[in-house]
Amino acid sequence: ISKNVNRSLQAVLGVSVNEISKQWITFYSDYFDKEQIFADSANISKNIIKKPKQTKSYYQFKINPIGDKIAYVSNEQGLRKIHIYDTKSGKTHRIFKDGYRIKQMNDYTYPVIDWHPSGNYLTIITEVENKLQIIQYALNDKSSNYRNLFSCDKILDMAYSSDGSKMVFSAV
């Protein structure tokens, strides 16, 4: 047992506190520089949503790694749609539609979307008849690949590894 925090961290991590601080500052400086690049590419003169409705909720805005497309979810009284906005052409395309427009309490946790690191695929996780389904939407040929997802009741968020070979879920 050590009473000195610096020595304890060095014994456990094998790195001094000063080195941890330098790595921490470098990591977050790089991270927020990348975020600024994406924010600048998304900050275009035109609005992404041409005519937003007050009855619709817009969420899950995700910019692809290339920075030329933005995916988002709209929810109007339970009718969920996923749109992809092309920053170069300024056009929006609906790629997914699920649910019905019914006055009820809306579930804004689905669908969960994320881009593959290549920027060519949008991954969608949604709930169909109380079963989870994962959908891979290919931008090149506009095709969708559907698979069932087992062993989870609810997925809150997901992310890809940097090489795109693995996915991690925040699930219940």
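The rules we used
Residues numbered from 1 in each chain as written. Predicted model: local features only at pLDDT ≥ 70, side-chain atom pairs only at ≥ 80, totals over all residues. Heavy atoms only, no water. pLDDT = per-residue confidence, 0-100. Helix = DSSP H or I, 4+ residues; strand = E, 2+ residues; numbered from the N terminus. Contact = heavy atoms within 4.5 Å. Buried < 20%, exposed > 50% of the residue type's maximum accessible area, 1.4 Å probe, protein only. Pairing = 2+ DSSP bridges. Axes fitted to C-alpha atoms, helices over the stretch in contact; angles between N-to-C directions. Core = buried A, V, L, I, M, F, W, Y, C linked by side-chain atoms within 4.5 Å. Phe/Tyr/Trp six-rings, centres within 6.5 Å; stacked < 30°, edge-to-face > 60°.

1. Quick look at the confidence of the model for the chain
Step number 1: Looking at the chain, pLDDT values average 83 and 90% of them are 70 or higher.
Step number 2: No element of the chain has a lower mean pLDDT than helix H2 (residues 17–42), at 70, and none a higher one than strand E5 (residues 112–115), at 92.
Step number 3: Predicted confidence is poor over residues 40–46, with pLDDT under 50, and the contacts of this stretch with residues over four places away or in other chains come to nine contacts.

2. Remarks on the environment of Tyr-100
Step number 1: With respect to the secondary-structure elements, Tyr-100 resides in the loop between strand E4 (92–98) and E5.
Step number 2: The sequence separation of Tyr-100 and Gln-77 amounts to 23 residues, and the corresponding C-alpha distance is 7.7 Å.
Step number 3: Discounting chain neighbours no more than four positions away, the residues touching Tyr-100 are Gln-77, Gly-78 and Leu-79.

3. Examining helix H1 (residues 5–13)
Along an α-helix, a turn takes 3.6 residues, which lines up residues three or four apart on a common side.
Step number 1: In terms of burial, H1 is largely open, as just zero of its nine residues are buried.
Step number 2: In the stretch just after H1, Gly-14 is the one whose phi turns positive, near 80°.

4. With respect to the sheet that holds strand E7 (residues 131–138)
Hydrogen bonds between backbone groups are what pair the strands of a sheet, and the pairing can be parallel or antiparallel.
Step number 1: Judged by pairing direction, the sheet is antiparallel, and its four strands sit side by side in the order E5-E6-E7-E8 without closing on themselves. Edge strands, defined here as strands with exactly one partner in the open sheet, are E5 and strand E8 (143–149). Direction aside, the axes of adjacent strands within the sheet are offset by 20° on average.
Step number 2: Summarising the sheet, E7 and E8 pair through seven bridges and their orientation is antiparallel. Note on E8: the bridge partner recorded for Ala-138 is Ser-143.

5. So, the pairing of strand E10 (residues 167–171)
Step number 1: Of the strand pairs in this sheet, strand E9 (residues 155–160) and E10 are connected by five bridges, and their pairing is antiparallel. Each residue of the ladder has a partner; that of Ala-159, found in E10, is Val-168.
Step number 2: Counted between consecutive antiparallel strands, the loop separating E9 from E10 contains six residues, among which Gly-164 sits at a positive phi close to 80°.

6. A short note on the nonpolar core
Step number 1: Core analysis: the biggest nonpolar cluster contains 14 residues, and Ile-82, Ile-84, Ile-95, Ile-113, Leu-122 and Ile-124 have the highest contact counts within it.
Step number 2: Those elements giving two or more residues to this core turn out to be strand E2 (69–76), strand E3 (79–86), E4, E5, strand E6 (121–128) and E7.
Step number 3: Among residues more than four places away in sequence, those in contact with Leu-122 are Ala-71, Ile-82, Ile-84, Ile-95, Ile-113, Asp-114, Trp-115, Ile-135, Gln-136 and Tyr-137.
Step number 4: In this structure, Val-112, Ile-125, Leu-149 and Met-158 belong to the second largest nonpolar core, which totals eight residues.

7. Details of the packing of aromatic side chains
Step number 1: Within this structure, the stated rule accounts for three aromatic pairs.
Step number 2: Ring centres of Phe-61 and Tyr-72 lie 5.2 Å apart, and the angle between their planes is 15°; this geometry places the pair in the stacked category. Here Phe-61, found in strand E1 (residues 57–63), pairs with Tyr-72, found in strand E2; they are eleven residues apart in sequence, far enough to count as distant.
Step number 3: Tyr-72 sits in the buried class, given a relative accessible area of 4%.
Step number 4: Through a chain of ring-to-ring contacts, three or more aromatic side chains come together here, namely Tyr-58, Phe-61 and Tyr-72.

8. Some remarks on the side chain of Glu-76
Step number 1: Topologically, Glu-76 is positioned in strand E2.
Step number 2: For Glu-76, a relative accessible area of 9% gives the class buried.
Step number 3: If sequence neighbours within four positions are ignored, Glu-76 has contacts with Lys-53, Thr-55, Lys-56 and Arg-101.

9. Here's the deal with the sheet that holds E2
Step number 1: Overall, antiparallel pairing links the four strands, which are arranged E1-E2-E3-E4 in an open sheet. Every other strand in the sheet has two partners, leaving E1 and E4 as the edge strands with one partner each. Taken over all neighbouring pairs, the strand axes of this sheet differ in orientation by 20° on average, direction set aside.
Step number 2: Bridge count between E3 and E4: six bridges; the pairing is antiparallel. If you follow Lys-81 over to E4, its bridge partner there is Lys-97.

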